[in-house]
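# Summary of structural features
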Amino acid sequence: MSEEVSAEILTTHILDLAAEGKRLDGRGPDEYRPISVEPGFVATADGSALVRIGDTAVLSGIKLEPGKPFADTPNAGVLTTNAELIPLSSPTFEPGPPQPGAIEVSRVVDRAIRAAETIDLTRLCVTPGEKSWVCYVDIHVLDHSGNLIDAASLAAVSALAHATVPAKRFEVAEADYPLAVNHFPIECTFVRLGDTIVVDPTFDEERAAQGRITVATDEAGQVVAMQKGLVGAFSPDDVKDVVRRAFQHGERHRALAKGGSS
Amino acid sequence: MGSVGAKEVPVLLSPEGLRIDGRKLDELRPIRLQVGTLHNADGSAFVEWGANKVMAAVYGPREVHPRHLQQNNKAVIQCKYNMAAFAVDERKRPGLDRRSQEISKVIGEAFESVVFAEEYPRTSIDIYIEVLQANAGTRCAGLVAASMALADAGIPMVDLLPAVAVGKVAGKIALDLKKEEDNFGEADLPMALVPQSGRLVLLQMEGHMTEEELAQALDLGVQGCREIYEKMKQALRERYSTGPVGGSS
Amino acid sequence: MKPGPGTYRTGGKVYASVLGLLSERPPLVSVIPLSGRYIPKPNDLVIGTVTDVQGTFWLLDIGAPRWAPLHMTGTPWQVEIGETDRFLRVGDAVVVQVESLEATGRIGVTMNGEGLGKLEGGTIVRISPARIPRVVGRNGSMIATIREHTGAEVVVGQNGRVWVGGSPEAIHRVSEVLRIIEANAQHSGLTERVESYLLATMPTTVRGSEPPPVEHAHRDAPPRVLDSAEPDEVAVDAEDDSPDTIEPGEQ
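Every value quoted in this text rests on a predicted model; they were computed, and no experiment measured them.

This brings us to the overall build of chain C. On a plain count of helices and strands, chain C comes out with 5 helices and 15 strands. Taken over 251 residues, chain C has a buried fraction of 54%. Considering only residue pairs separated by 6 or more positions, chain C has 64% of its internal contacts joining residues 24 or more positions apart. Counting every atom, chain C has about 11300 Å² of accessible surface; 50% of that belongs to carbon and sulfur.

Further remarks concern the sheet that holds strand 13 (residues 153-156) of chain C. Where strands meet in a sheet, backbone hydrogen bonds hold them as pairs that are either parallel or antiparallel. All names here are of chain C. Read from one edge to the other, the open sheet built from 3 strands follows the order 12-14-13, with strand pairing classed as antiparallel. Both outer strands of the open sheet, strand 12 (123-126) and strand 13, are each paired with one neighbouring strand and no more. Between one strand axis and the next, the sheet turns by 25° as a mean value, whatever way the strands run. Relative to strand 14 (residues 161-165), strand 13 is paired through 4 bridges, and the arrangement is antiparallel. Bridging across to strand 14, Val154 finds its partner in Val164.

Counting 95 residues, the largest nonpolar core has Leu142(A) and Phe111(B) as its most contacted members. Broken down by element, the residue count for this core peaks at 10 residues, all from helix 2 (residues 138-152) of chain B. When neighbours within four sequence positions are excluded, Leu142(A) is seen to be in contact with Leu50(A), Ala57(A), Val58(A), Leu59(A), Ile86(A), Leu88(A), Ser89(A), Leu38(B), Met55(B) and Leu132(B). Val58(A), Ile113(A), Ala163(A) and Ala167(A) belong to the second largest nonpolar core, which has 53 residues in total.

Our focus in this paragraph is the interface of chain B and chain A. Counting residues at the interface gives 33 residues for chain B, matched by 33 residues for chain A. Carbon and sulfur atoms make up 55% of the surface buried where chain B meets chain A, a total of about 2700 Å² over both sides. Broken down residue by residue, the surface that chain B buries against chain A is led by Asn40(B), Phe86(B) and Arg91(B), which jointly contribute 29%. Joining chain B to chain A, the criterion identifies 1 salt bridge. In this structure, Asp138(A) engages Arg91(B) in a salt bridge whose closest nitrogen and oxygen atoms are separated by 2.6 Å. The tally of links between chain B and chain A comes to 18 residue pairs in polar contact (both at pLDDT 80 or more). Elements represented by at least two residues in the side of chain B that touches chain A include exactly strand 3 (52-63), strand 4 (76-83) and strand 5 (123-133) of chain B. If you tally residues by element for the side of chain B that touches chain A, the top one is strand 3 of chain B, at 6 residues.

Residue and element names in this part refer to chain C. With 7 of 10 residues buried, helix 2 (residues 141-150) is to be regarded as a mostly interior element. All of the buried residues along helix 2 are Met142, Ile143, Thr145, Ile146, Arg147, His149 and Thr150. Next to the buried residues of helix 2 lie helix 1 (132-136), strand 13, helix 3 (168-184) and helix 4 (190-200). One or two residues past the end of helix 2 sits Gly151, with phi positive at roughly 70°.

Following the criterion strictly, the structure yields 7 aromatic pairs over all chains and no others. Relative to Tyr8(C), the ring of Phe116(B) has its centre 5.1 Å away and its plane inclined at 50°; by these criteria the two rings are tilted. Residue Phe116(B) is located in the loop between helix 1 (98-112) and strand 5, and its partner Tyr8(C) is located in strand 2 (residues 7-10); the two belong to separate chains. Taking the centre distance of 6.3 Å and the plane angle of 85° together, the rings of Trp58(C) and Trp77(C) count as edge-to-face. Within this pair, whereas Trp58(C) is found in strand 7 (residues 57-61), its partner Trp77(C) is found in the loop between strand 8 (68-71) and strand 9 (93-101), the two being separated by 19 residues in sequence. Comparing Trp58(C) with Trp77(C), the two get one shared label, buried. Positioned above the aromatic ring of Phe41(A) is the side chain of Lys53(B), whose terminal nitrogen or guanidinium carbon lies 4.1 Å from the ring centre.

Now for the side chain of Ser124(B). Residue and element names in this part refer to chain B. When you line up the elements, Ser124 lands in strand 5. Judged by relative accessible area, which is 1%, Ser124 ranks as buried. Not counting chain neighbours up to four residues away, the residues in contact with Ser124 comprise Tyr59, Gly60, Pro61, Arg62, Glu63, Val64, Val76 and Gln78.

The next subject is the pattern of salt bridges. Summed over all chains, the structure comprises 40 salt bridges over all chains. Its salt-bridge partner being Arg37(C), residue Asp42(B) comes within 3.0 Å of it at the nearest N-O pair. Of this pair, Asp42(B) sits in the loop between strand 1 (31-35) and strand 2 (43-49) while Arg37(C) sits in the loop between strand 5 (28-33) and strand 6 (45-53), which puts the two residues in different chains. Residue classification places Asp42(B) among the buried positions, given a relative accessible area of 8%. A salt bridge links Asp44(C) to Lys41(C); the nearest nitrogen and oxygen atoms lie 3.7 Å apart. Relative accessible area serves as the criterion here: at 7%, Asp44(C) is assigned to the buried category. Each of Arg23(A), Asp25(A), Arg27(A), Arg33(A), Asp200(A) and Glu205(A) takes part in salt bridges that share partners, so that together they form one network.

Across the contact, 12 residues belong to chain A and 18 residues belong to chain C. Across the interface of chain A and chain C, roughly 1300 Å² is buried in total on both sides, 56% from carbon and sulfur atoms. The tally of links from chain A across to chain C stands at 1 salt bridge. A salt bridge links Arg126(C) to Asp204(A); its shortest N-O distance comes to 3.5 Å. The interface formed by chain A and chain C contains 1 residue pair in polar contact (both at pLDDT 80 or more). At 4 residues, helix 1 (residues 8-19) of chain A tops the list of elements feeding residues into the side of chain A that touches chain C. A per-class count over the side of chain A that touches chain C returns 5 nonpolar, 2 polar and 5 charged.

Residues and elements named next belong to chain B. Most of strand 4 is tucked away, with 6 of its 8 residues classed as buried. The pairing of strand 4 with strand 5 spans 8 bridges and is parallel. Residue pairing for strand 5: Cys79 is matched across the bridge by Ile127. Of the crossover connections in this fold, the one passing from strand 4 over helix 1 to the parallel strand 5 is left-handed.

Moving on, we come to helix 1 of chain B. All names here are of chain B. Taking 1.5 Å per residue as the helical rise, helix 1 with its 15 residues ought to reach 21 Å, and the 21 Å between its terminal C-alpha atoms agrees with that figure. Of all the positions in helix 1, only Ser100, Ile103, Ser104, Val106, Ile107, Gly108, Ala110 and Phe111 are classed as buried. On its buried face, helix 1 sits against strand 4, strand 5, helix 2 and strand 9 (199-203). Structurally, the start of helix 1 carries an N-cap: the backbone nitrogen of Arg99 is 3.2 Å from a side-chain oxygen of Asp97.

What follows deals with unusual backbone geometry. A negative phi angle is the norm for most residues apart from glycine, just as the trans form is the norm for most peptide bonds. Cis rather than trans, the peptide bond between His65(B) and Pro66(B) has omega equal to -5°. Residue position: Pro66(B) is located in the loop between strand 3 and strand 4. Pro26(C) connects to Pro27(C) through a cis peptide bond whose omega is 5°. Along the chain, Pro27(C) turns up in the loop between strand 4 (20-25) and strand 5. In this structure, Ala170(B) is a non-glycine residue whose phi angle is positive, near 50°. On the secondary structure map, Ala170(B) appears in the loop between strand 6 (163-169) and strand 7 (172-175). A relative accessible area of 48% means that Ala170(B) is categorised as partly exposed.

So, about the confidence of the model for chain C. Detail in the predicted coordinates should be disregarded across regions flagged by low pLDDT. Residues and elements named next belong to chain C. Chain-level pLDDT for chain C is 82 on average; 81% of the residues reach the 70-or-more range. Taken as a whole, residues 206-244 scores under 50 in pLDDT and shows 66 contacts with residues more than four places along the chain or in a different chain. Quick note on the complex model: pTM equals 0.88, ipTM equals 0.90.

The rules behind the values
- For every chain, the first residue of the written sequence is number 1, and numbering continues from 1 onward in sequence order.
- Whichever chain is written first becomes A and whichever ligand is written first becomes 1, with later ones labelled in order.
- Local features are withheld for residues below a pLDDT of 70 in this predicted model, meaning they are given only at 70 or higher, and side-chain atom pairs are given and counted only at 80 or more; totals for whole chains, interfaces and linings count all residues.
- Water and hydrogen atoms play no part in the side-chain values, which are based on all heavy atoms of the structure.
- Per the convention used, a helix needs a DSSP run of H or I reaching at least four residues, while a strand needs a run of E reaching at least two, with both numbered from the N terminus.
- Relative accessibility under 20% of the residue-type maximum defines a buried residue, over 50% an exposed one, and the middle range a partly exposed one, all with a 1.4 Å probe and only protein chains included.
- We call two residues in contact when some of their heavy atoms are within 4.5 Å.
- Here, Shrake-Rupley sampling with a 1.4 Å probe gives the accessible areas, and only protein chains in the shown set may cover a residue.
- If DSSP finds at least two bridges between two strands, the strands pair.
- Interaxial angle, 0 to 180 degrees, is taken between N-to-C directions of lines fitted to C-alpha atoms, where a helix line uses only the stretch in contact.
- Residues belong to one nonpolar core when they are buried, are Ala, Val, Leu, Ile, Met, Phe, Trp, Tyr or Cys, and are joined through side-chain atoms within 4.5 Å.
- Two parts placed together each lose some accessible area under a 1.4 Å probe, and adding up what both lose gives the buried area.
- Any Lys or Arg side-chain nitrogen located within 4 Å of an Asp or Glu carboxyl oxygen qualifies as a salt bridge.
- Two N or O atoms count as a polar contact when they lie within 3.5 Å, although within protein this holds only if one can serve as hydrogen donor and the other as acceptor, and sequence-adjacent residues are included solely when both atoms are side-chain atoms.
- Only the six-membered ring of Trp is used, alongside the rings of Phe and Tyr, when aromatic pairs are assigned; centres must lie within 6.5 Å, and planes under 30 degrees apart are stacked while those over 60 apart are edge-to-face, with the rest tilted.
- Counting as a charge over the ring demands two things of the Lys NZ or Arg CZ atom: a distance within 6 Å of the ring centre and an angle within 35 degrees of the ring normal.
- Following the grouping adopted for this structure description, the nonpolar residues are Ala, Val, Leu, Ile, Met, Phe, Trp, Tyr, Cys and Pro, the charged ones are Asp, Glu, Lys and Arg, and the polar ones are all others, Gly among them.
- Clockwise travel from the first strand over the helix to the second, with the strands pointing away from the viewer, marks a crossover as right-handed.
- Expected span of a helix, by definition, is 1.5 Å for each gap between consecutive residues, and there is one gap fewer than residues.
- On a scale of 0 to 100, pLDDT captures the predictor's confidence in every residue.

This is how it looks when you write it as structure tokens:
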């Protein structure tokens, strides 16, 4: 269970272990916690997936509704991503407007999905300038034990990969059809612990971290998004190293996003 | 909830007295209860009730935030009920809405009636209910989940709070309405029971019922609550004979 | 029977108010909760983290329903008003003893005493407070076994926090043992499970030779062997049979 203030000696211990390439839970620097993906968790959504990475649990639900396209892109549908760090997920929740952490998760997940052209927004257009599908990607963090970005992103992409466009229900077409997903971006997050850069940080490791970097890659060998967060710095060589590692992890996680389970 | 005019009214009760999903009038939907499903919370529970999926978490007793809400002689009980955007057919915009605020209030008051709050002055007991998938009766499912989450958190209470909604379909009093019955039925009466005293701490009603029908509905509701109570106790016992649930659904 | 903690009386009958293990010590009947936050008792030794520093006291997070204020006079140091941050800062870990529990909910703690003080080095492992009696064991047998087989320094906080000091290997093995205890506390054969893990992971360099050097934990006092109060009979008995659990509302 997380606490509001970390003990300094725990942080020091985490850094001491990292200096020897070790981590609190016995993982190696390039090892993820056990990951599971459960598509179709929510029947009321048009697509959904529950993802667990270790003790972190994130649920994503897709809803598609007819709406109006934006004036400057009359031939495209609309994609909008929203992540909620709901209070039950962590003792550090503060009531009020969305915390910067939640906003960052929303935007980083959204950025990768958009940059990778995960869904072809022009195919979501029904009548140019008048009617198009609005694709809502809602992300609900249920249990925060570190690395929300990877879990949220995997949940969102998996939900999209298993989504159905409710064309019949909204009387846009004769039958519902699967949402066309063309690319599968996978996000991998790393944190610096002293001189060691480890993947998939736990909550305690995030607290001890001196910088965080997320790399999103697609199945065609492209880097599609990056985000450096927290307080700390990375050299260009560090960045090249994590990009290489992100491609490797990406391949494995992509299979989970498409197929589910673990 | 739901748009009544847009669809045909389904047949809610067959000539043999069976409901739209084959249940009898006094039958509950299938219920699956799990305790200790979240790692961070002091207590947690997950309820699958018919097509409802509801998660509840309790944090506390803990320091009160913001401080000015602190009470000198007892714990403050704060309850927040929320529905995920994707929990209902028509996407719900994230954020506070009046329905959720009202439900948060009545559920919070139900727990205030049974929790021994005086044992923890100047603290807060925070109850969070999150509806992940909705199919009528979410406030009752939420109450049941929160009740078990409180027990999981070791919060002292008079008793667990089983809850259920009774309604009226095709003129007959029916236990535990599902979505179509709630949309097209003639009344809805959610309630929560304190089994130890036989009293109700949550009671709301909407629709049309005669005095006799109301009496019948109350009795049926209490009967349903007692059945749910047994399931809740069973789920709590299972938690401790096999160890913490790893959070699987 | 009189209602003890975890119970209440109404209408002439005594009911459980929490989910837990039944404990009958006439004339008192109590129910000990199986989970939930740490509830302080006087004389408990606890490990806390400083969450706030004020002019004359520090606030400690001890995992209880409230933070515990440690007053500057409750330490062996000469603290001037307003100089409290010279001695303890946010994030520091300390071992203190619970002195008083007031009706207002205030938890009085002191750092004056043998074995109490600021913790340096090592790490803190969190475990459910309900499991602490199993970490100590009957007559301190389990904790003695752990110390003997690892050479680690261990301070057990009644609040579910365990400080572990020593070589990284020793710290890792003790952490693993704590994890085993947490996962298996209700099953029989826990002691055997722990012992077999410790023997299986005994470092070969240590076997038959001197124990590895151990960091000294406290600046102010030598480490003291934790002499906990007799572990509750009921919780320990759980080793033998499945616990007799009862729920709120049960008589």
